[in-house]
Amino acid sequence: MKNALVSDIHGNLPAFEAVLDDVPDDVDQVVCLGDIVGYGPWPLECVRRVWQHCDVILQGNHDREFVDPEGYTDNRQAMKGLYYAQEKVKGRYREWLQNLPRKQDFLEGEVLLVHDHPEEVDRYVMPRAFPEVRPYLDDYEACFLGHTHIQHEAVIDDRLILNPGSVGQPRDGDSRAAYAVVDTDSWETELCRVEYNIAKVQRTVEEVGLPSEIGDRLETGR
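Note that this is a predicted model, so its numbers are computed, not measured.

S.K.: Can you help me understand a negative patch on the surface in this one?
M.R.: Where like charges cluster on the molecular surface, the negative patch consists of Asp28, Glu108, Glu110, Glu141, Asp158 and Asp185. Among the secondary structure elements, Glu108 is positioned in the loop between strand 4 (103-106) and strand 5 (111-114).

Printed below as a string of C-alpha cells:
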C-alpha cells in the first residue's frame, strides 16, 4: 500500500494544493500528521481540503490551541496566525479539529502516527534525536511524525522513522512544499518537494493583516 504523508500545512493553501496535485496517482491513502491551521492566511480552506482529501488525520498543537492562543504570547507570528484561525474556523470544523487524536496506530498497528513525540506532548523530535524514538517502537515497524517542519528519514534497528517535512512552512532550508510517499509493503520511501506560488502567499498575508514575517520566511525555508 502506498501512503502519502503530509504535515504542518499551516494555512498555506497554494502549497497544499501544489502537493495534492503532485501526489502520484497510485497512492492509496493520504495521511495528515497535524497542524492544518496557524500562521497562514487560509486556515478554513486548508481544513476543508484536509477533510476532503485526507484519509487519516492527526491533531497538531496549532489545531489544538487556536481556540485559546494565549500560550503563544512569546511568538507573535504564531499567536497572530492562531487568532486569525480562531476567527475563520468555526462550527463543525472547529469541533472536528478539537476532537482529532494527537497520535494513533495505523495499518493494524504496524505504524505509529504522532504529530510530535510518542510520549511528550509538543516536544520536537529533531533529526539528530530520531534514535530517541526507537525505544517506543518495539511493537511497530515504523513511526511517522511531524512538528519540526524538517524533512528527514532514518532506519534504526530496522525501524523506519520519517518526518515528511512541512507543506506550508518548511524550516529545513528548502522553500519548496514538502511531503513524502511510503510504500508500506516494501518500505520504500520517497521524500518529495514541490514548487508553489510563494508570492501569492506573501500578498495574501499582507492583505489579511498577518505579520509580514510569515510570508517573508517562506522564501528561505527557515
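On we go.
S.K.: I'm lost on the pairing of strand 4 in this one. Help?
M.R.: A regular strand places its side chains on the two faces of the sheet in alternate fashion. Bridge count between strand 4 and strand 5: four bridges; the pairing is antiparallel. Paired with Gln104 across the strands is Leu113, a residue of strand 5. Connecting strand 4 to the next strand, strand 5, in antiparallel fashion are four residues, including Leu107 with a positive phi near 55 degrees.

S.K.: In this structure, what is going on with empty space enclosed by the protein? I would like to understand it.
M.R.: Summary: where empty space remains is shown by rolling a probe the size of a single water molecule over the atoms. One pass over the full model with this rule turns up one cavity of 30 Å³ or more. Lining the largest cavity, in full, are His10, Asn12, Tyr39, Gly40, Gly168, Gln169, Val201, Ile214 and Leu218. Tallied by class, residues from the lining of the largest cavity come to four nonpolar, five polar and no charged.

S.K.: Honestly, the pattern of salt bridges in this entry has me stumped. Any pointers?
M.R.: Any two side chains of opposite charge can pair, on the condition that their charged atoms come close. A complete count under the given rule lists 14 salt bridges for this structure. Between Glu87 and Lys88 there is a salt bridge whose closest N-O contact spans 4.0 Å. According to the relative accessible area criterion, Lys88 is partly exposed, its value standing at 36%.

S.K.: Sorry if this is basic, but what is going on with the side chain of Asp183 here?
M.R.: Here Asp183 shows up in strand 9 (residues 177-183). Despite being buried, Asp183 has no salt bridge partner; Lys2 is the closest side chain of opposite charge, sitting 5.5 Å away. A polar atom in the side chain of Asp183 sits 2.8 Å from the backbone nitrogen of Asp185. Non-local contacts of Asp183, meaning those with residues more than four positions away in its chain, are made with Met1, Lys2 and Glu188.

S.K.: I tried to follow helix 2 (residues 43-53) on my own but got confused; where do I start?
M.R.: Given 3.6 residues per helical turn, the α-helix brings residues three or four places apart onto the same face. Taken together, the buried positions of helix 2 are Pro43, Leu44, Cys46, Val47 and Val50. For helix 2, the arc enclosing every buried residue in end-on projection is 165 degrees, short of the 170-degree limit, so these residues lie on one face. Of the surrounding elements, those touching the buried residues of helix 2 are helix 1 (13-22), strand 2 (29-32), strand 3 (56-57), helix 4 (76-88) and helix 5 (91-98).

The rules behind these values
Residues numbered from 1 in each chain as written. Predicted model: local features only at pLDDT ≥ 70, side-chain atom pairs only at ≥ 80, totals over all residues. Heavy atoms only, no water. Patch = residues over 30% accessible without salt bridge, like charges linked within 9 Å, V, L, I, M, F, W, Y side chains within 5 Å. Areas by Shrake-Rupley, 256 points an atom, 1.4 Å probe, with all protein chains shown as cover. Salt bridge = Lys/Arg side-chain N within 4 Å of Asp/Glu carboxyl O. Lys, Arg positive; Asp, Glu negative; His and termini not counted. Charge placed at Lys NZ, Arg CZ, Asp CG, Glu CD. Helix = DSSP H or I, 4+ residues; strand = E, 2+ residues; numbered from the N terminus. Pairing = 2+ DSSP bridges. 1 Å grid on protein atoms, 1.4 Å probe; cavity = no way out; pocket = protein on both sides within 12 Å on 5 of 7 lines; lining within 4 Å. Points joined across faces, edges and corners; volume = space filled by probe spheres on them. Nonpolar A, V, L, I, M, F, W, Y, C, P; charged D, E, K, R; others polar. Buried < 20%, exposed > 50% of the residue type's maximum accessible area, 1.4 Å probe, protein only. Polar contact = N/O pair within 3.5 Å; in protein donor to acceptor, adjacent residues only side chain to side chain. Contact = heavy atoms within 4.5 Å. Arc of directions from axis to C-beta.

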